[in-house]
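# Breakdown of the fold
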Amino acid sequence: MKSRSKQEAKPVNRRQILAFQRRLEKLRDNLSGKIRRPELIAERQTELADQAAATEGRNLATSLVENNHKRLQYIKVALQAMRNRTYGICSGCKKPIPVTRLNAVPWALCCVSCQENQSEQETFGEDIAAFA
Ligand SMILES: [Zn+2]
């Protein structure tokens, strides 16, 4: 079993992509539900806080919703990349993204070194523009 060079990560195969797709779709559905019910998150926060901290709880809930919303956008872009058959290929250097990274961040669209070269915000904006 030494048919391939170890210099580059192997691209994810079709079966792995399907497994990631199922994970992403589950996450997407989960997040969509949370985004539709921000008041539930706020209520849970205020259960733990007194009345004076209630406003803070609501702010926290709002930022949670914003984070979830952002993550949901990443997930949608990753699912779109699967349909375009570009999933698992770095959007920066065009090399395969190591499957260990995809396991940790299934919506990753670029490798760690390309990610470090760009701010997250920029990557996000570009991706959305590319698939809009
Ligand atoms: Zn890269």
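Quick notes on the rules
- Residues numbered from 1 in each chain as written.
- Predicted model: local features only at pLDDT ≥ 70, side-chain atom pairs only at ≥ 80, totals over all residues.
- Helix = DSSP H or I, 4+ residues; strand = E, 2+ residues; numbered from the N terminus.
- Buried ≥ 20, exposed ≤ 12 C-beta atoms within 10 Å, placed from the backbone.
- Core = buried A, V, L, I, M, F, W, Y, C linked by C-beta atoms within 7 Å.
- Contact = placed C-beta atoms within 7 Å.
- pLDDT = per-residue confidence, 0-100.

Looking only at helices and strands, the protein chain features 6 helices and 0 strands. Seen in sequence order, the protein chain has helices and strands lined up from the N terminus as α-α-α-α-α-α. A total of 132 residues make up the protein chain; the buried ones form 16% of that total.

Attention now moves to the nonpolar core. Note on soluble globular proteins: their nonpolar side chains tend to be buried together. Ala78, Ala108 and Leu109 are the most contacted members of the largest nonpolar core, which totals 16 residues. Per-element tally for this core: the top contributor is helix α3 (residues 54-83), with 5 residues. In this structure, Ala108 is in contact with Ile97, Arg101 and Leu102, ignoring residues within four places of it in sequence.

Although it is not a glycine, Arg85 adopts a positive phi angle of roughly 60 degrees. Here Arg85 lies in the loop between α3 and α4 (99-104). In the Ramachandran plot, Lys94 falls in the positive-phi region, its phi being about 65 degrees despite a non-glycine side chain. Mapped onto the secondary structure, Lys94 falls in the loop between α3 and α4.

On to the confidence of the model for the protein chain, then. Per-residue confidence for the protein chain gives a mean pLDDT of 79; residues scoring 70 or more make up 70%. When mean pLDDT is compared element by element in the protein chain, α4 scores highest at 94, while helix α6 (residues 120-131) scores lowest at 44. Every residue in residues 121-132 is under pLDDT 50, and counting partners more than four places away or in other chains gives 8 contacts.

Turning to its location among the elements, Gly92 is positioned in the loop between α3 and α4. Sequence-wise, Gly92 and Asn117 are 25 residues apart; in three dimensions their C-alpha atoms are separated by 9.4 Å. Sequence-distant contacts of Gly92, that is, excluding residues within four places in its chain, are made with Cys110, Cys111 and Cys114.

It is worth spelling out the environment of Cys110 at this point. Inspection of the secondary structure puts Cys110 in the loop between α4 and α5 (112-117). A tally of 21 C-beta atoms within 10 Å means that Cys110 is categorised as buried. When the C-alpha positions of Cys110 and Ile97 are compared, they lie 6.6 Å apart, and in sequence the two are 13 residues distant.

With that settled, the discussion passes to the environment of Val12. Along the polypeptide, Val12 turns up in the segment before α1 (14-36). Distance from Val12 to Ile89, taken between C-alpha atoms, is 8.6 Å for residues 77 residues apart in sequence. Sequence-distant contacts of Val12, that is, excluding residues within four places in its chain, are made with Ile17, Gly88, Val99 and Leu102.

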